[in-house]
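# Examining the three-dimensional arrangement
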Amino acid sequence: MSNYDSGNDSILEMYIFESETLLDQLEEILLQSEDNAELTPDDINEIFRIMHTIKGSSAMMEFDMLAHSSHKLEDLFFVIRENGIKPEDFGDLMDLVLNFSTFLKGEVEKIKNNETLLDENEELIVETDAFLNRIKGLSQETNLKAQGEIINDGSDDDALETLDAAVEDDLFGDMSFEELLNDDSADVEDQDDDFLTSEKINVYCIHTRFNEDSQMENIRAFMLVNKLESIGKVTKTIPEQLNNNPEAAGIILKNGFLCHLETKADKETIENVALGILSVKSIEFLDCAQEEVTTTEIDMKPEMAATGKKAPEKVVDANKQKNNVQNLISVDLNKLDTLMNLIGEIVITESMVFGSVGMEGKRDESFEKASTQLQKLTDELQDIVMSIRMIPIAGTFKKMQRIVRDVGKKLKKEVEFITMGESTEVDKTIIDGIADPLMHLVRNAMDHGLESAAERIAVGKNPVGKVILSAQNVGGDIIISVSDDGKGLDPVGILEKAKEKKLLVKPEEEYSEKEILNLIMAPGFSTKETVTEFSGRGVGMDVVKKNIEKVGGSISIESEKGSGTNIFLKIPLTLSIISGMEVLVGEDIYEIPISNIRETFKITSNQLIKDPDNNEMVMIRGVCYPLIRLHDIFEDKKCETHIEDGILMLVDSGDTFACLFMDDLIKKHQIVVKPIPKYLNHYSIKNSGIAGCTILGNGSISLIVDIPAILDHY
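Values in this document were obtained by computation on a predicted structure and should not be read as measured data. Starting afresh in each chain, residues are numbered from 1 along the sequence in its written order. Only residues with pLDDT of 70 or above have their local features reported here, since the model is predicted, and side-chain atom pairs are shown and tallied only from 80 upward, although totals for entire chains, interfaces and linings are computed over all residues. With hydrogens and water set aside, each side-chain value is computed from the structure's full complement of heavy atoms.

## Comments concerning the sheet that holds strand 11 (residues 554-560)
- A pair of strands counts as paired when DSSP detects no fewer than two bridges linking them. Strands are runs of DSSP state E lasting at least two residues, helices are runs of H or I lasting at least four, and both sets are numbered from the N terminus onward. Read from one edge to the other, the open sheet built from 5 strands follows the order 7-9-10-12-11, with strand pairing classed as mixed. The sheet is open, and its two edges are formed by strand 7 (415-420) and strand 11, each paired on a single side. For this sheet, the mean inter-axis angle between neighbouring strands, taken without regard to orientation, is 15°.
- The pairing of strand 7 with strand 9 (residues 465-474) spans 6 bridges and is classified as parallel. For Phe417, the partnering residue across the bridge sits in strand 9 and is Val467. An axis is simply a line fitted to the C-alpha atoms; with a helix, the fit covers only the stretch in contact. Between two such axes, the angle follows the N-to-C directions and lies from 0 to 180 degrees.

## Examining the packing of aromatic side chains
- Here a pair means two rings of Phe, Tyr or Trp (six-membered ring of Trp) with centres within 6.5 Å. Their orientation is stacked below 30 degrees between planes, edge-to-face above 60, and tilted elsewhere. Tallying each qualifying case throughout the model produces 5 aromatic pairs.
- Ring plane angle 70° and centroid distance 5.8 Å describe the contact between Tyr204 and Phe285, whose orientation is recorded as edge-to-face. Linking Tyr204 in strand 1 (residues 200-210) with Phe285 in strand 4 (residues 280-286), this pair joins segments that are 81 residues apart in sequence.
- The lysine or arginine in question, Arg81, covers the ring of Phe48, its NZ or CZ lying 4.0 Å from the ring centre.
- Cation over ring: Lys506 sits above Tyr511, and NZ or CZ is 5.1 Å from the ring centre. Here, a charge over a ring means that NZ of Lys or CZ of Arg falls within 6 Å of the ring centre while also lying within 35 degrees of the ring normal.

## Examining helix 21 (residues 541-550)
- For every residue, the accessible area obtained with a 1.4 Å probe (protein chains only) is divided by the maximum for its type, and the residue is called buried under 20%, exposed over 50%, and partly exposed between those limits. Within the sequence span of helix 21, burial applies to Met541, Asp542, Val544 and Ile548. Down the axis of helix 21, the buried side of the element spans an arc of 160°, and every buried residue falls inside it.
- Residue contacts are defined here by distance: any two heavy atoms, one from each residue, within 4.5 Å place the two residues in contact. The inward-facing, buried residues of helix 21 abut helix 17 (428-449), strand 11 and strand 12 (564-572).
- A positive backbone phi angle near 80° is found at Gly552, which sits one or two residues after helix 21. The arc in question is the one spanned by the directions pointing from the helix axis to the C-beta atoms.

## Observations regarding the sheet that holds strand 23 (residues 701-705)
- Spatial ordering of the open sheet is given by 21-13-14-23-22, a layout of 5 strands whose pairing is mixed. This sheet does not close on itself; its edge strands, each paired only once, are strand 21 (664-672) and strand 22 (690-695). Adjacent strand axes in the sheet meet at a mean angle of 35°, parallel and antiparallel pairs treated alike.
- Where strand 14 (residues 588-593) lies against strand 23, 2 bridges are found, and the strand directions are parallel. Within strand 23, the position partnered with Tyr590 by the bridge is Leu703.

## Concerning the nonpolar core
- Residues belong to one nonpolar core when they are buried, are Ala, Val, Leu, Ile, Met, Phe, Trp, Tyr or Cys, and are joined through side-chain atoms within 4.5 Å. Residues Ile434, Leu438, Ile480 and Ile571 are the most contacted members of the largest nonpolar core, which totals 43 residues.
- The leading source of residues in this core is helix 17, at 8 residues.
- Other than its neighbours up to four places away in sequence, Ile434 contacts Ile393, Ile480, Ile548, Val551 and Ile571.
- If you look at the next biggest cluster of nonpolar residues, it comprises 42 residues, including Ile29, Leu30, Ile50 and Phe90.

## Examining the environment of Gly486
- Relative to the helices and strands, Gly486 is located in the loop between strand 10 (477-484) and helix 19 (491-500).
- When the C-alpha positions of Gly486 and Glu451 are compared, they lie 5.9 Å apart, and in sequence the two are 35 residues distant.
- Leave out the neighbours within four places in its chain, and Gly486 touches Gly449, Leu450, Glu451, Arg456, Lys461, Gly562, Ser563 and Gly564.

## Quick notes on helix 10 (residues 248-255)
- Restricting attention to buried positions, one finds in helix 10 the residues Ala248, Ala249 and Ile252. Taken end-on, helix 10 shows its buried residues confined to a sector of 100°, consistent with a single buried face.

## Description of the confidence of the model for the chain
- Confidence in the prediction of the chain, expressed as mean pLDDT, is 76, and 77% of residues score 70 or more.
- Summary of the metric used: pLDDT quantifies the predictor's per-residue confidence within the range 0 to 100. Confidence over residues 139-199 falls short of pLDDT 50; this stretch has 49 contacts with residues more than four positions distant or in other chains.
- In the model, residues 290-326 has pLDDT below 50 throughout and makes 35 contacts with residues more than four positions away in sequence or in other chains.

## Notes on the side chain of Ser702
- Position of Ser702 among the secondary structure elements: in strand 23.
- N or O atoms within 3.5 Å of each other form a polar contact, as long as, within protein, one can give a hydrogen and the other can take it, and as long as residues adjacent in sequence are counted only when both atoms are side-chain atoms. Among the polar contacts listed, one links the side chain of Ser702 to the backbone oxygen of Ile589, at a separation of 3.0 Å.
- Filtering out sequence-adjacent residues up to four positions away, Ser702 remains in contact with Ile589, Tyr590, Glu591, Cys693, Thr694 and Leu696.

## Side note on the packing of helix 4 (residues 87-112) against helix 5 (residues 122-135)
- Interaxial distance between helix 4 and helix 5 falls to 11 Å at its minimum, and their mutual angle equals 155°. When the axes of helix 4 and helix 5 are compared, the pair comes out roughly antiparallel. The way helix 4 lies across helix 5 gives a crossing that is left-handed. Seen from helix 4, the contacting residues are Glu88, Asp89, Asp92, Leu93, Leu96, Asn99, Phe100 and Phe103; seen from helix 5, they are Leu124, Ile125, Glu127, Thr128, Phe131, Arg134 and Ile135.
- Within the contact of helix 4 with helix 5, the residues separate by chemical class into 8 nonpolar, 2 polar and 5 charged. Our angle categories are set so that under 35 degrees counts as roughly parallel, over 145 as roughly antiparallel, 65 to 115 as roughly perpendicular, and the remainder as oblique. A clockwise turn of the near helix away from the far one marks a right-handed crossing, whereas an anticlockwise turn of less than a right angle marks a left-handed crossing. Throughout, the ten residues Ala, Val, Leu, Ile, Met, Phe, Trp, Tyr, Cys and Pro are labelled nonpolar, Asp, Glu, Lys and Arg are labelled charged, and all others, Gly among them, are labelled polar.

In structure tokens:
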């Protein structure tokens with residue numbers, strides 16, 4: 001059925017929510033099953049239940065094509081539930097059902113957007129029938145006839161690509177990954193086997209220090225462990241838990257990172273591997289137990305390896321688990337938006353009441369008590385409403401797993417996808433805003449970053465690449481990193497490409513390595529020689545940067561040629577109500593987000609220096625920062641012009657720093673972010689360094705300074 005009645009919104013909303021939830025569950029089960037290389041009976045029953053539910057609800061809503069397609073998959077898993085699935089058919093089953101999941105999600109999205117649905121889905125139906133015949137043991141002729149109908153049906157290129165992929169899987173499906181590699185790779189595999197079967201290996205106690213300003217030390221330690229495991233086995237780490245442990249980063253920053261490595265490699269090899277990790281400052285081999293251990297000890301739990309004792313079995317408290325069950329309800333996001341707006345109005349009104357009473361000087365004891373209680377309740381209400389909007393980033397991370405799987409298959413790259421900090425909570429609006437940038441960064445890591453298996457083996461790397469996606473709370477912000485252990489970025493090549501495309505704004509010898517890496521975010525920049533469906537069209541990283549800045553975030557890049565690339569996204573927890581510093585510029589009041597402020601200070605005219613181009617600079621602890629006068633940006637002629645009479649504020653946007661000059665600081669307070677009215681868009685307000693506005697306690701409007709835009713343009 002291509003048209004539908006959306007008159008009963010509540011039922012339609014429930015159908016969309018239920019279908020999206022079930023399809024997300026389906027995809028999660030499939031990806032987990034593919035990682036485990038098996039479908040358990042529970043998985044099969046759960047998939048059968050999911051398709052049965054979608055079929056029934058779609059039929060009730062008269063979405064006939066969705067009901068028919070779901071019924072086909074239900075029939076397929078009924079047969080699988082009765083007869084099982086052969087190992088040689090497992091990969092094709094995963095491809096088929098994931099294609100079905102993508103199709104069903106697309107149709108549900110059309111329903112959400114009130115678009116016309118397809119009347120039929122002939123390609124997938126025929127493919128499902130052919131697969132059913134195959135697992136039922138029907139003749140090969142039946143399968144070929146079913147596949148032939150796809151071609152004769154005059155379907156589009158996507159269907160032909162699906163058939164090509166199926167044919168390719170038939171040709172190579174029985175071949176192992178090792179058989180596709182050359183003879184040299186087989187030698188490497190033999191060497192690895194020799195290493196694993198060795199009776200005795202050396203134990204090293206390695207103490208690692210990271211650069212003081214590296215941040216996210218626990219994630220860097222996790223990457224170091226992964227790297228060391230390419231030459232041995234890490235049996236113990238201090239701190240023990242690196243993932244989802246907010247205290248680990250502080251412990252490593254203070255005491256360094258300690259790990260026990262069991263390997264046949266010598267100290268020089270270990271040193272080279274460890275120092276190849278970005279931000280590793282130094283490593284030291286400590287005098288720990290330098291004893292020979294057997295492979296039996298290697299198989300023990302890390303905490304028991306040193307003593308040789310048997311690890312105790314894990315005891316699960318069933319009563320404790322029952323107490324952790326949560327009662328959840330689904331709420332329309334629009335209602336939460338309205339509620340958040342009302343809280344914002346209450347915060348503004350509260351400021352107005354306190355401000356007006358303060359000016360008249362009529363405060364008394366009873367008013368003070370009442371106002372303090374009101375402020376406390378308002379803050380609690382604001383915190384609760386904001387927490388309702390906060391959701392774990394795990395759902396977004398799981399979607400990236402599907403991308404890694406699909407891109408890896410198409411590019412013929414075997415990849416281990418690692419996620420950390422999935423429980424980190426972010427505002428729903430921000431989650432929606434960063435989904436597309438994250439998708440592009442993961443695709444870039446797969447396409448640009450990771451080498452082919454043969455290339456990795458040639459340089460002594462594990463043929464299986466790694467893509468690590470992590471999230472962590474740092475102060476009032478969330479840091480999300482996308483890392484790979486691929487070939488890294490080549491600063492020389494980037495500079496040449498930027499020069500060729502005329503993107504350089506100063507002599508090339510004046511560019512630092514960090515500035516060179518940031519050039520990949522310039523519009524129209526691309527180092528990809530061949531255009532693919534994933535990258536190489538000259539658009540991408542600039543769009544990623546713009547989208548991250550739309551949600552008030554920033555992006556920074558670290559890379560080392562031959563070792564890999566780390567891309568860090570720094571984003572705020574929420575956009576609606578933020579902490580701001582009220583500052584005076586001339587006779588006007590502006591707000592600067594606290595998350596962008598590093599420090600404030602005063603200087604004398606003797607501390608003001610100028611570069612050869614007569615640009616003002618300020619030296620702070622041996623580092624020169626450009627000086628930006630806000631009265632020049634906002635064209636306020638009544639601002640203080642003498643450096644001694646004003647105040648300086650060091651601000652940053654990711655890796656870019658500058659000092660802002662203003663008249664004075666007024667106070668720090670909570671501000672409700674309001675967007676700039678649309679009718680002002682033709683005045684290019686946003687390009688003038690203004691991110692939004694807020695209402696002050698006296699009812700006047702204050703503009704919010706857009707720090708990233710100012711640092712980019714001035």
